[in-house]
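# Tertiary structure, described
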Amino acid sequence: MLANIKYLLSSVWYAATYILAPPFCSYCKEFMKVRAVLCDECKLMIRPVVSAKLAITRTYDIKVFALGAYEEPLQSLIRAKHHGDRIASRDLAKLFCSTGMLDAVPCDYWVPIPLHWTRFASRGFNQATEMAAIFSQESGKPVAELLKRNKRTKFQALLSPQARLSNVKEAFSLHKQNMEQYRDKHLILVDDLMTTGSTLQEAVRALRMVQPASITAVVFCRVV
Ligand SMILES: [Zn+2]
């Protein structure tokens, strides 16, 4: 109940700040005639990256699609943690959809990577959930909150590659209800950033338990 009220309040807040938000570019702060997350010049600065293969086991890998490289102007947008930045997350997801990059990816459900509740509480929103909500809106396919975080992991960016692996090991499990409905379905994992890919790998390992037809991942940025 309390969670519902909190969600409702944050949605009202989101709608109000959306309407009131002045049309400034989120990166260079240039005034724009039409509201968008980035001005045309900054949009051109996004370095496109090709889809990557991420190995899960020796015989199983998934494709990872990214809007761009983890560089400016995306980098500051991804790092943003203030409440108003929820708008930027959603606008960035709209920009991602407008590229058409995801049109050919088979999809039945969008599956956001969850934040641990303590991190969610301090941040107030999860970028992956915001992205998934927009992808769902644009594609007409539902969001499935299938994953749950088992532990509060350290920030991956601060760790060595070896430490990253053990940090996220068994970090996720599945919400057990209605697992049958995801069998033989196409699942798309959603996260904001891929560094070494170890978080995605752990999430895929958990998701494979439902025996989906395919798993693909979509992130705003990828470290290249
Ligand atoms: Zn700009």
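Just so it is clear, the model here is predicted, and its values are computed rather than measured.

### Remarks on the pattern of salt bridges
Within this structure, the stated rule accounts for five salt bridges. Between Arg183 and Glu180 there is a salt bridge; the shortest N-O distance is 2.7 Å. Assessed through its relative accessible area of 35%, Arg183 is described here as partly exposed. Glu180 sits in the exposed class, given a relative accessible area of 56%. Across the pair Glu202 and Arg205 runs a salt bridge, and its minimum N-O distance is 2.7 Å.

### Quick word on the environment of Arg47
Here Arg47 shows up in the loop between helix H2 (40-45) and strand E1 (52-55). Accessibility expressed as a relative area gives 40% for Arg47, which makes it partly exposed. Excluding residues within four positions of it along the chain, Arg47 makes contact with Gly68, Ala69, Glu71 and Val224. In terms of polar contacts, Arg47 uses its side chain to reach the side chain of Glu71, at 2.6 Å.

### Structural notes on the coordination of the zinc ion
Protein coordination at the zinc ion comes from Cys25 (SG), Cys28 (SG), Cys39 (SG) and Cys42 (SG), with a distance range of 2.3 Å. Along the chain, the residues that donate to the zinc ion are spaced as C-x2-C-x10-C-x2-C. Here Cys28, found in the loop between helix H1 (2-20) and H2, pairs with Cys39, found in the loop between H1 and H2; they are eleven residues apart in sequence, far enough to count as distant. Using a relative accessible area of 10% as the deciding quantity, one classes Cys39 as buried.

Cut-offs used in this document
- Residues numbered from 1 in each chain as written.
- Predicted model: local features only at pLDDT ≥ 70, side-chain atom pairs only at ≥ 80, totals over all residues.
- Heavy atoms only, no water.
- Salt bridge = Lys/Arg side-chain N within 4 Å of Asp/Glu carboxyl O.
- Buried < 20%, exposed > 50% of the residue type's maximum accessible area, 1.4 Å probe, protein only.
- Helix = DSSP H or I, 4+ residues; strand = E, 2+ residues; numbered from the N terminus.
- Contact = heavy atoms within 4.5 Å.
- Polar contact = N/O pair within 3.5 Å; in protein donor to acceptor, adjacent residues only side chain to side chain.
- Donors = N, O, S within 2.8 Å, 3.2 Å for Na, K, Ca; no water.

Honestly, that's just the spatial picture; any functional story needs more than this.
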